[in-house]
Amino acid sequence: MRKRLTRMSFLLLLCGLLFLSACSSNSSNQPANEGDSNTGTGSETTGSGEQVTLNGVFLGATWGQATQELAKEYEQETGVKVNIELVGRDVIYQKLALSIAGQANYDLFNVDYNWIPEFASTGSLLQLDDLIKEHNIDTSKYLPRALALTQWNGQNGSFGEGGPIYGLPQTIHPHLLWYRSDLFADETIKAEFKAKYGYDLVPPQTMDQFRDAAEFFNGKEYNGEKLYGWAAQATKGFGNVHTWLTFLYSNGADVIDWNNMTSSLSTPEAIEATQTWVDLLQYSPPGINDYTFAEVASDASQGKLAMALHWSWSAFEVDDPATSKTVGKWDFAQTPAMKESVPHLAGWSIVIPTTSKQQEEAFKFMTWLESKENDLRQAQMGGGDPVREESYADPALTDMLIEGTDVKRFRRYEALEEAMKITKARPFFPQEEKWESTVSEYLSAAQFKQMSVEEAMKQADEAVNKMLQR
Amino acid sequence: MKNFRLQRSGPYLVMAPGIILLLLFSIYPFLFLLKISFQEYSPISLDKPFVGFDNYVRLFSEHHFWNALKITAIFVSSSVILEFALGLGLAVVLNQLGWGQRLYQSAMLLPIAMAPTVVGLMFRFMMNEQYGVLNYFVESLGFSRTAWLSDPVLALPALIFTDVWQWTPFMMIILLAGLKGIPDEPYEAAMIDGASAWQTFIYVTIPQLSRIITIALLLRTIDAFRIYDTIYMMTKGGPINTTSTLSWMVYDNGFKFLEFGYGAAVCVVLLIIIVSLLTFVLKKVDVFEMGGKK
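Looking at an unreviewed UniProt entry, chain B carries the name ABC transporter permease, with the source organism given as Paenibacillus abyssi. Quoted verbatim from the Subcellular location (unreviewed entry) heading of the UniProt record, the comment on chain B is "Cell membrane". Annotation of chain B in UniProt includes, under Sequence similarities (unreviewed entry), the sentence "Belongs to the binding-protein-dependent transport system permease family."

Chain A is annotated in an unreviewed UniProt entry as ABC transporter substrate-binding protein of Paenibacillus abyssi.

Right, dumping it as structure tokens:
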């Protein structure tokens with residue numbers, strides 16, 4: 001009996017330890033300096049005269065760092081302290097969810113736009129329309145497709161159809177075609193290309209041209225460096241989905257039949273686009289199926305790639321003289337068209353959770369951060385690409401040179417501005433994050449040739465439909 | 001009389017804080033976990049309806065679960081067996097080492113002191129196809145570069161290798177402590193009886209170590225079931241889903257898709273598996289009766 005009791009206690013203790021450790025992760029949902037937080041009254045100080053403190057969680061990317069810097073200036077200007085935590089994408093999502101559930105004292109979140117329908121559908125994000133009106137914020141100054149990322153009218157697949165505004169865009173980065181201008185301008189290379197393909201080497205506008213250029217450059221040596229045809233993120237998770245969407249959209253396909261809410265991944269257009277993308281991976285560096293955006297930027301800056309389909313924002317990495325061998329050698333154009341060029345749009349916005357106790361103060365900081373002046377300053381500080389239309393024509397940015405060179409730092413803006421007229425977001429509906437993960441798995445199977453593209457898309461359809469029915 | 005009462009209640013009083021902590025931080029979370037496994041529970045939704053056994057039915061009907069169960073079984077069994085074999089070998093060698101024993105011991109403990117996230121990141125870099133140091137050696141031996149982490153066949157073995165690297169010293173240190181606790185008499189008797197080194201190891205060392213071996217295997221098995229950090233840093237469950245274990249599935253569903261109810265159901269099933277395994281092992285080997293008392 002005693003032995004059994006001892007055994008049971010031992011088991012209980014082990015189970016306890018197991019669950020204690022399981023529950024201990026992600027338990028730090030409170031702001032670092034929660035003690036500083038006060039209940040705001042819409043002014044610099046609370047009713048009791050204490051300093052107002054806002055707590056925000058931003059992506060640990062360049063625009064998050066710029067926000068952290070600008071927050072210091074905001075405190076000097078207004079007396080409102082803004083604590084900005086910089087974390088990874090997954091952590092933001094978890095913090096946002098858990099802070100809403102636990103009523104934690106966070107006032108601002110930097111969010112990947114595909115989360116907006118999910119959190120808006122549960123009433124977890126503050127609708128900003130009244131505050132926008134009250135504070136006379138002119139939202140028409142924002143790039144229409146950038147603003148659309150923050151809107152959700154409650155309808156599935158409604159990107160660009162308007163609706164209540166749940167945040168302000170902070171940065172956008174549509175896919176652009178990156179190409180090495182020095183390679184494309186090299187007379188020997190041009191002659192060689194023409195001899196092989198029978199037409200002039202130009203930055204590819206069609207997918208056929210892109211395939212030819214990728215094949216041509218792949219394995220070629222240039223200035224002692226072995227080149228690969230092209231690269232784009234392809235890792236399972238969201239990388240492969242993001243690249244694949246550019247192919248899919250450009251072939252006139254959509255991922256869901258929004259009228260019937262059924263998956264449409266095995267349509268002839270979707271299969272053709274997927275097959276094209278998978279086939280083109282043979283002209284990419286080894287290990288491409290594990291590439292995140294960091295590997296693409298790194299290979300581009302080390303001179304290993306002739307082309308890339310990559311985020312516009314990431315261009316700062318190839319122009320950094322401290323780390324890049326290809327400063328000023330990359331140029332940018334629209335992604336190649338299968339039927340038409342429709343780049344996938346990425347972007348990050350700023351939202352206020354309904355649990356924030358200082359919503360108006362948070363809104364004021366957000367509008368200050370995304371004002372005309374600070375949209376420019378974020379870009380100058382190396383943050384994300386601007387979200388206001390006027391910034392793209394501002395000489396403060398367009399005339400800016402890379403230090404020590406005569407190369408324009410923001411030469412991508414022309415292509416970027418054009419891309420913002422044709423770009424398309426990921427599917428706008430509350431289950432998007434799960435949808436992406438589901439599709440990613442089947443794309444991965446096709447990439448690794450574990451399934452044919454047709455089979456993978458068929459199975460992805462079934463899995464997505466199952467998910468949509470739940 | 002008063003002294004007698006105090007003497008009787010003494011142990012309970014001493015244990016009380018521990019029991020309270022256990023109730024607060026283990027039993028309550030467990031009961032909560034059990035409850036939400038029967039709910040459609042999202043932290044951002046006000047509506048958290050009870051759905052009976054729906055989460056469990058869904059779990060057992062999903063190929064992800066069976067795949068994760070298979071991956072977990074392969075990972076746990078391979079890594080624990082390898083760690084045990086290597087750990088025992090190292091412990092025996094170290095136990096016989098005269099000079100430098102402490103130095104080797106300390107050096108070998110370094111991997112345990114490292115956070116699994118750091119180890120994961122370190123191995124991710126080392127196993128990188130293009131610039132990883134592992135491929136440098138592979139190439140210098142005349143073989144071609146290998147995509148250790150992005151090859152569906154190699155990713156799980158790479159993960160097992162990393163786990164073995166980090167946790168073999170843990171196995172070694174426990175077994176070494178056990179070896180040091182074995183008295184000399186049985187060895188002297190074996191020597192007088194003319195037993196060979198191998199016979200001494202099999203018939204004297206192993207039986208004397210059996211309880212320590214059981215404890216070491218139990219602790220490592222429980223820990224191996226929970227692997228998450230290393231997967232997060234190295235493969236994120238991929239490529240495809242070849243390194244997606246049950247604990248990764250808990251993360252995926254719970255924290256990535258905010259399906260806490262479904263994630264809790266996976267947790268409960270994982271717990272049942274571990275507890276069943278523990279009960280089975282503890283029934284076979286009585287680790288509490290040290291010294292062979294019955």
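Read on, since the account is not over.
1. Regarding the overall build of chain B
In terms of regular secondary structure, chain B is built from 12 helices and zero strands. In sequence order, chain B lays out its α and β elements as α-α-α-α-α-α-α-α-α-α-α-α. Oriented by its inertia axes, the alpha-carbon framework of chain B measures out at about 80 × 75 × 30 Å. With 294 residues in all, chain B has 44% of them scored as buried. Within chain B, contacts between residues at least 6 apart in sequence are counted, and of these 68% link residues at least 24 apart. Summing over all exposed atoms, chain B offers an accessible surface of approximately 15800 Å²; the carbon and sulfur share of this is 70%.

2. Some points on the overall build of chain A
Summing up its helical and strand segments, chain A has 18 helices and 12 strands in all. Counting the 470 residues in chain A, one finds 58% classified as buried. Considering only contacts in chain A between residues 6 or more positions apart, those separated by 24 or more positions represent 73%. With the model as given, the accessible surface of chain A reaches about 17900 Å², and the carbon-plus-sulfur share is 48%.

3. What to know about the UniProt feature "transmembrane region" (unreviewed entry) in chain B
UniProt tags residues 12–34, 71–94, 106–127, 154–179, 200–219 and 260–282 of chain B as "transmembrane region" (unreviewed entry). From the first C-alpha to the last, residues 154–179 of chain B spans 36 Å; its make-up is 96% helix and 0% strand.

4. Overview of the environment of Leu125(A)
All names here are of chain A. Its place among the elements puts Leu125 in the loop between helix 4 (116–121) and helix 5 (129–134). Judged by its relative accessible area of 5%, Leu125 is buried. Sequence separation between Leu125 and Phe109 is 16 residues, and the spatial gap between their C-alpha atoms is 10.0 Å.

5. Examining the UniProt feature "domain: ABC transmembrane type-1" (unreviewed entry) in chain B
Residues annotated by UniProt as "domain: ABC transmembrane type-1" (unreviewed entry) correspond here to residues 69–283 of chain B. Secondary structure content for residues 69–283 of chain B is 76% helix and 0% strand, while the C-alpha to C-alpha distance between its ends is 24 Å.

6. A closer look at the packing of aromatic side chains
Tallied over the entire structure, the rule returns 49 aromatic pairs over all chains. Each ring, one from Phe293(A) and one from Trp313(A), has its centre 5.9 Å from the other, and the planes form 55°; the classification is tilted. Remark: Trp313(A) occurs in the loop between strand 10 (305–311) and strand 11 (330–333) and Phe293(A) occurs in helix 12 (residues 293–301); sequence separation between them is 20 residues. Between Trp167(B) and Phe170(B), the ring centres sit 6.1 Å apart and the planes meet at 85°, which makes this aromatic pair edge-to-face. Taken together, the residues span about one helical turn, with Trp167(B) and Phe170(B) both in helix 7 (residues 155–180) at a distance of three residues. We classify Trp167(B) as buried; its relative accessible area is 15%. Linked through ring pairs, Trp63(A), Tyr93(A), Trp115(A), Phe119(A), Phe293(A), Trp313(A), Phe316(A) and Trp348(A) together constitute an aromatic cluster. Of note, Lys48(B) hangs over the ring of Tyr41(B), and the distance from its end group to the ring centre comes to 5.0 Å. A cation over an aromatic ring shows up here: Lys236(B) above the ring of Tyr232(B), its NZ or CZ 4.2 Å from the ring centre.

7. Remarks on helix 5 (residues 116–126) of chain B
Helical geometry note: an α-helix holds 3.6 residues per turn, so side chains three or four residues apart project in the same direction. Residue and element names in this part refer to chain B. Taken together, the buried positions of helix 5 are Val119, Gly120 and Phe123. The arc that holds the buried residues of helix 5, viewed along the axis, is 100°, so those residues lie on one side. Among the structural elements, helix 7 and helix 10 (229–234) are those in contact with the buried residues of helix 5.

Calculation rules
- Residues numbered from 1 in each chain as written.
- Chains lettered and ligands numbered in written order.
- Predicted model: local features only at pLDDT ≥ 70, side-chain atom pairs only at ≥ 80, totals over all residues.
- Heavy atoms only, no water.
- UniProt positions renumbered as here; feature names shortened; annotations may be inferred.
- Helix = DSSP H or I, 4+ residues; strand = E, 2+ residues; numbered from the N terminus.
- Buried < 20%, exposed > 50% of the residue type's maximum accessible area, 1.4 Å probe, protein only.
- Contact = heavy atoms within 4.5 Å.
- Areas by Shrake-Rupley, 256 points an atom, 1.4 Å probe, with all protein chains shown as cover.
- Phe/Tyr/Trp six-rings, centres within 6.5 Å; stacked < 30°, edge-to-face > 60°.
- Lys NZ or Arg CZ within 6 Å of the ring centre and 35° of its normal.
- Arc of directions from axis to C-beta.

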